[in-house]
Structure formats: structure tokens, C-alpha cells
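Architecture and fold: a report
Here are the chains, one letter per residue:
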Amino acid sequence: LLAAPEGLIALAGSGRHIYVLGYWGHVLYQYDIKTGQARSVKVGAVGGHVSRNILADGRGHVYVPQVQAGAGGGQPAASLVEYDADLNEVARRPLRYYLDGRPAAAHGITGFACLPDGSIAFITHNGYLSLIRPSGDAPAEVTDLGWFHPAGPVYCASLFADETGRFLMGAANGGWRRDFEWVVY
């Protein structure tokens, strides 16, 4: 087990590396199961934001949400930061619709599904669906797919794929007074 001064919230693995995300400020830890070595990089998340998941692809690249303070006191902005297996930042992409209020109220990436072709579908707490397509040594392609639920923004707590990768399924609800329902995309 890796000892870290932060509590650890999210876990992902790829090959010989285990990645964990530490409270607060999104500190990314990498543990090498072959050598027992650990290292870290501070990704950053302001306002008490914590993502429920981080993502790792088959190349050992890891994807972590980052929330930064807005310039000049403006609204905070969210990005998906891609790191390679050496914890070098490879790419940074804006996360549309990631924040819908205070950063602490966003649960970040709440679900993901690894697809047969090596892609990773992921969903944010408010139901925005995106797809990561790894590409050799180049940065991955990240595509916005839109709202998972036909009604638009709805809290989504999970995401699963069928064995073909054609269908994505997840539990979603529209508020405290509505029951969860299964959605198929």
C-alpha cells in the first residue's frame, strides 16, 4: 500500500503502474509494481473539487481532471490533463460542462467504460459524455459526445459498456426527488 499525506479517492491501473489521486488539490501518485518506486505530480483542483475517478489507457497514460481559478477572479475552468507513463504532461483539453456551480459541488468523472478498441468512454457528474481514443505515441484524441441522458444535464452515477462496446449504460437521476433510472446510449 502506498502511504500518502492526502486521503486517496480514485484509482486506475495500466501495466506495471497503479495511479491514485489524492485529496485535496488532485495530487497524482504513480506506484510501479515492478520496482516498488512511487512518485507524484500535483495536478491541481481549486475550491475543494475532487473527481471520483481518473482514467488510464493501455499505454500507461493517465487522465486527470484539473480545476483552476478563473483569471482575474473569474469563473473556475476545468481541463482534462493527460500524463504519460513518466508523469510528463502530454496534453490538456478543456472539459465542457464540467462545472455547473461551485467546484466542490462537482463530483468530476463519475463513471467510465473501457471499450474493446482501447478507447475509454467517460461521464461527468452532470451527465456529459466524452470519449478518449489513445493514439500510439501521440496525445489521445478526446471527443465530446454530448449529454448521456435524452433530457440533457442529469446526475450520472455510473457508466458501463456491453461486450461489443456499442452500447453504454448507466444510472442517472434528475435530483433528490427523482428515482434513478437506467439509460442506454
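Look up a bit, the structure's there.
Residues numbered from 1 in each chain as written. Predicted model: local features only at pLDDT ≥ 70, side-chain atom pairs only at ≥ 80, totals over all residues. Heavy atoms only, no water.

1. Some points on the packing of aromatic side chains
- Scanning the model with the defined rule gives five aromatic pairs in all.
- Relative to W147, the ring of Y97 has its centre 5.1 Å away and its plane inclined at 45°; by these criteria the two rings are tilted. Remark: W147 occurs in strand β12 (residues 138–147) and Y97 occurs in the loop between β8 (89–94) and β9 (109–114); sequence separation between them is 50 residues.
- On the basis of relative accessible area, Y97 is assigned to the partly exposed category, the value being 40%.
- W147 sits in the partly exposed class, given a relative accessible area of 27%.
- With centroids separated by 6.1 Å and ring planes inclined at 25°, the aromatic side chains of F148 and Y185 adopt a geometry described as stacked. With F148 in the loop between β12 and β13 (155–156) and Y185 in the segment after β16 (181–184), this residue pair connects regions lying 37 residues apart in the sequence.
- Owing to a relative accessible area of 3%, F148 belongs among the buried residues under this scheme.
- Given the relative accessible area of 36%, Y185 is considered partly exposed. (Phe/Tyr/Trp six-rings, centres within 6.5 Å; stacked < 30°, edge-to-face > 60°. Helix = DSSP H or I, 4+ residues; strand = E, 2+ residues; numbered from the N terminus. Buried < 20%, exposed > 50% of the residue type's maximum accessible area, 1.4 Å probe, protein only.)

2. Things to note about the pattern of salt bridges
- The full count for this structure, using the stated rule, is eight salt bridges.
- Note that D86 is salt-bridged to R39, the shortest N-O span being 3.6 Å. Of the two residues, D86 sits in the loop between β7 (77–83) and β8 while R39 sits in strand β4 (residues 38–42), which places them 47 residues apart along the sequence.
- On the accessibility criterion, R39 (36% relative accessible area) is partly exposed. (Salt bridge = Lys/Arg side-chain N within 4 Å of Asp/Glu carboxyl O.)

3. Remarks on the environment of D32
- By the element assignment, D32 lies in strand β3 (residues 27–32).
- Judged by relative accessible area, D32 falls into the buried class, the value being 8%.
- Separated by 19 residues in sequence, D32 and S51 place their C-alpha atoms 23 Å apart.
- Of note is the side chain of D32, whose polar atom sits 2.8 Å from the backbone nitrogen of K34. (Polar contact = N/O pair within 3.5 Å; in protein donor to acceptor, adjacent residues only side chain to side chain.)

4. Quick word on the sheet that holds β3
- The strand order across the open sheet formed by four strands is β1-β2-β3-β4, and the pairing between neighbours is antiparallel. Of all strands in the sheet, those with a lone pairing partner are β1 (8–14) and β4, marking the two edges. Averaged over all neighbouring strand pairs, the angle between strand axes comes to 20°, with direction disregarded.
- Strand direction decides the pairing type here: β3 and β4, joined by five bridges, are antiparallel. From the neighbouring strand, L28 faces β4, where its bridge partner is V41. (Pairing = 2+ DSSP bridges. Axes fitted to C-alpha atoms, helices over the stretch in contact; angles between N-to-C directions.)

5. So, the environment of S135
- Here S135 shows up in strand β11 (residues 128–135).
- Along the primary structure S135 and G118 are separated by 17 residues, whereas in three dimensions their C-alpha atoms are 9.6 Å apart.
- Each residue touching S135, except ones within four places of it in the same chain, is listed here: R59 and A140. (Contact = heavy atoms within 4.5 Å.)

6. Quick look at the sheet that holds β8
- If you walk across this open sheet you meet the four strands as β5-β6-β7-β8, and the pairing is antiparallel. Because the sheet does not close on itself, it has two edges, and the strands there are β5 (55–56) and β8.
- In this structure, β7 lies alongside β8, joined through five bridges in antiparallel fashion. Within β8, the residue paired with V81 across the bridge is R92.

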